[in-house]
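Commentary on secondary and tertiary structure
Below, each chain spelled out in residue letters.
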Amino acid sequence: MTTDASIRDLTRIAIERAWARATANGALPAAPEDWVAPAVEVDRPANPVHGDLSTNLAMQLARPLRMSPLVIANALTTELNRETADSPASTPLAEASVAPPGFVNLHLADGALETVIGYVLADPDHWGRSL
């Protein structure tokens, strides 16, 4: 993980990796060539029961990829959970799940906050300024 990113930034990066892997393995089609990809938005869900963070990326991708948001969300969730299982140190996430109409709900790993606090303490004047 990068040493100057916030938990939200690290989560955004994990989602971008999941999107790239889902495209590479054929779970999601490649985006149209003339299309500008949306920024990956990561927000706190209105109801904390739904997780620590969430993204609506699947709904943003539905029209350009010509797929259901739920199918896209499932592909992203599969890749996020695979990374969590295979390489937990590379992601701040413990688990991802799908909620209609296409949200990906995210639960943070226990060590995510500890990791970011370590980054802040190691370089407080620089932290959060380079992303």
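Higher on the page you've got the structure.
Parameters at a glance
Residues numbered from 1 in each chain as written. Predicted model: local features only at pLDDT ≥ 70, side-chain atom pairs only at ≥ 80, totals over all residues. Heavy atoms only, no water. Helix = DSSP H or I, 4+ residues; strand = E, 2+ residues; numbered from the N terminus. Expected span 1.5 Å × (residues − 1). Buried < 20%, exposed > 50% of the residue type's maximum accessible area, 1.4 Å probe, protein only. Contact = heavy atoms within 4.5 Å. Polar contact = N/O pair within 3.5 Å; in protein donor to acceptor, adjacent residues only side chain to side chain. Pairing = 2+ DSSP bridges. Axes fitted to C-alpha atoms, helices over the stretch in contact; angles between N-to-C directions. Salt bridge = Lys/Arg side-chain N within 4 Å of Asp/Glu carboxyl O. Patch = residues over 30% accessible without salt bridge, like charges linked within 9 Å, V, L, I, M, F, W, Y side chains within 5 Å. Areas by Shrake-Rupley, 256 points an atom, 1.4 Å probe, with all protein chains shown as cover.

Its 18 residues give helix α3 (residues 69–86) an end-to-end C-alpha distance of 25 Å, which sits within 8% of 26 Å, the value for a rise of 1.5 Å per residue. Listed in full, the buried residues belonging to α3 are I72, A73, A75, L76, T77, E79, L80, E83 and T84. Among the structural elements, α1 (7–24), α2 (57–65), β2 (93–99) and β3 (103–108) are those in contact with the buried residues of α3. Sitting at the head of α3, S68 places a side-chain oxygen 3.1 Å from the backbone nitrogen of L70.

In this structure, E95 sits in strand β2. Look at E95 and you get partly exposed, because its relative accessible area is 43%. With 78 residues separating them along the chain, E95 and R17 place their C-alpha atoms 15 Å apart. The contact partners of E95, leaving out residues within four places of it in the chain, are N81, N105, L106 and H107.

On to the sheet that holds β3, then. Whether parallel or antiparallel, the strands of a sheet pair through hydrogen bonds between backbone atoms. With antiparallel pairing, three strands are arranged side by side in an open sheet as β1-β3-β2. Where the open sheet ends on each side, the last strands, each with one partner, are β1 (53–55) and β2. On average, adjacent strands in this sheet sit at an angle of 25 degrees to one another, irrespective of strand direction. Inspection of the sheet shows β1 paired to β3 by three bridges, in the antiparallel sense. Along β3, the bridge assignment pairs T55 with V104. Its contacts with the sheet place α3 against β2 and β3, and it is angled at close to 165 degrees to β2.

Glancing now at the pattern of salt bridges. Per the counting criterion, the structure on display carries six salt bridges. Among the ionic pairs, R12 bridges to D9, the shortest N-O distance being 2.8 Å. With a gap of three residues between them, R12 and D9 both fall in helix α1, about one helical turn apart. R82 is the partner of E79 in a salt bridge, and the nearest nitrogen-oxygen pair spans 2.6 Å. Taken together, the positions of E79 and R82, both in helix α3 and three residues apart, correspond to about one turn of that helix. Accessibility expressed as a relative area gives 3% for E79, which makes it buried. Taking relative accessible area as the criterion, R82 reaches 40% and is therefore assigned partly exposed. What you see here is one network of salt bridges that share partners, running through R17, R21, E79, R82 and E83.

Where nonpolar side chains cluster on the molecular surface, the patch consists of L113, I117 and L121 and spans about 320 Å² of accessible area. Assignment of secondary structure puts L121 in helix α4 (residues 111–122).

So, about the side chain of T55. Take T55: it is sitting in strand β1. A polar atom in the side chain of T55 sits 2.7 Å from the backbone oxygen of E41. Polar side-chain contacts of T55 include one of 3.2 Å to the backbone nitrogen of L57. When residues no more than four places from it in sequence are discounted, the contact partners of T55 are I15, V40, E41, G102, F103 and V104.

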